[in-house]
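Spelled out, the chains give:
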Amino acid sequence: MSENITTIFLADDNPENLKVLSDILEAEGYHTRASLSGITMLESIRVEMPDLIILDIHMPDKDGYDICTMLKQDDRLESIPVIFCSALSETFNIVQAFETGGVDYITKPFRAREVLARVRTHIELRRKQQSLETALDRLKIAQQQLIQTEKMTSLGTLVEGVAHEINNPVNYIINSLEAYRTDYADLQRLLTACSDTTMDRQAI
């Protein structure tokens, strides 16, 4: 799918209908691809995705409803908007088209202004949806980065707390050792003094 050229895939079992649609769309600068078979269309768009699909209801292999259902069940293709086209204008047909995943419905014979207006609307909606999806992806990445930063901050706080808890008994031990060293030195001086006094007395 080109960033500069909008590609529309046309699927209709009537070559004349494909030519009429193609002429209308290409005159407006759209790029078109076409197929007389819904199954062939699915195979083609799995290789190169279009921006939009215009799909006839009556097809030689599977009808448009079945093709649209298959397309919507494919995770890679489900977001491609599908506009149904048909000579059928009964409410039942239109409702079924929407129920199987279509976004719009064009009746035959084609009216150029109507076709272009509906195509422009859904292409624009598709572009906005893609922009929102991109923004959402960026938001998720930012959220993950924020969570990671908060985790590192929390870890730093935890380490500081653990270090503080370790420092308290260590400082107590160091202070106790200093006191013990002082007391030991005093005891040594006392013992030396006592020893000197005893020796003086013995000498007398």
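Above this text is the structure in question.
Quick caveat: nothing in here was measured; it's all calculated off a predicted structure.

A. View of unusual backbone geometry. Cis geometry marks the peptide bond from Lys108 to Pro109, where omega comes out at 0°. Inspection of the secondary structure assignment puts Pro109 in the loop between strand S5 (104–107) and helix H5 (112–203).

B. Quick look at the side chain of Ser86. Tracing the backbone shows Ser86 in strand S4 (residues 82–86). In contact with Ser86, not counting residues within four places along its chain, are Asp56, Ile57, Tyr105, Ile106, Thr107 and Lys108.

C. How the structure looks around helix H2 (residues 38–47). When H2 is considered as a whole, its buried residues turn out to be Gly38, Met41, Leu42 and Ile45. Across the axial projection of H2, the buried residues extend over an arc of 100°, all falling on one side. In this structure, the buried residues of H2 make contact with strand S1 (7–11), strand S2 (31–35), strand S3 (52–56) and helix H3 (64–72). A distance of 3.3 Å separates the backbone nitrogen of Ile39 from a side-chain oxygen at the start of H2, and that oxygen is part of Ser37.

D. Fine view of H3. Listed as buried for H3 are Gly64, Tyr65, Ile67, Cys68 and Leu71. End-on view of H3: buried residues confined to an arc of 165°, all on one side of the axis. Next to the buried residues of H3 lie H2, S3, S4 and helix H4 (91–99). With a side-chain oxygen lying 3.0 Å from the backbone nitrogen of Tyr65, the N-terminal cap of H3 falls on Asp63.

Cut-offs used in this document
Residues numbered from 1 in each chain as written. Predicted model: local features only at pLDDT ≥ 70, side-chain atom pairs only at ≥ 80, totals over all residues. Heavy atoms only, no water. Helix = DSSP H or I, 4+ residues; strand = E, 2+ residues; numbered from the N terminus. Contact = heavy atoms within 4.5 Å. Buried < 20%, exposed > 50% of the residue type's maximum accessible area, 1.4 Å probe, protein only. Arc of directions from axis to C-beta. Polar contact = N/O pair within 3.5 Å; in protein donor to acceptor, adjacent residues only side chain to side chain.

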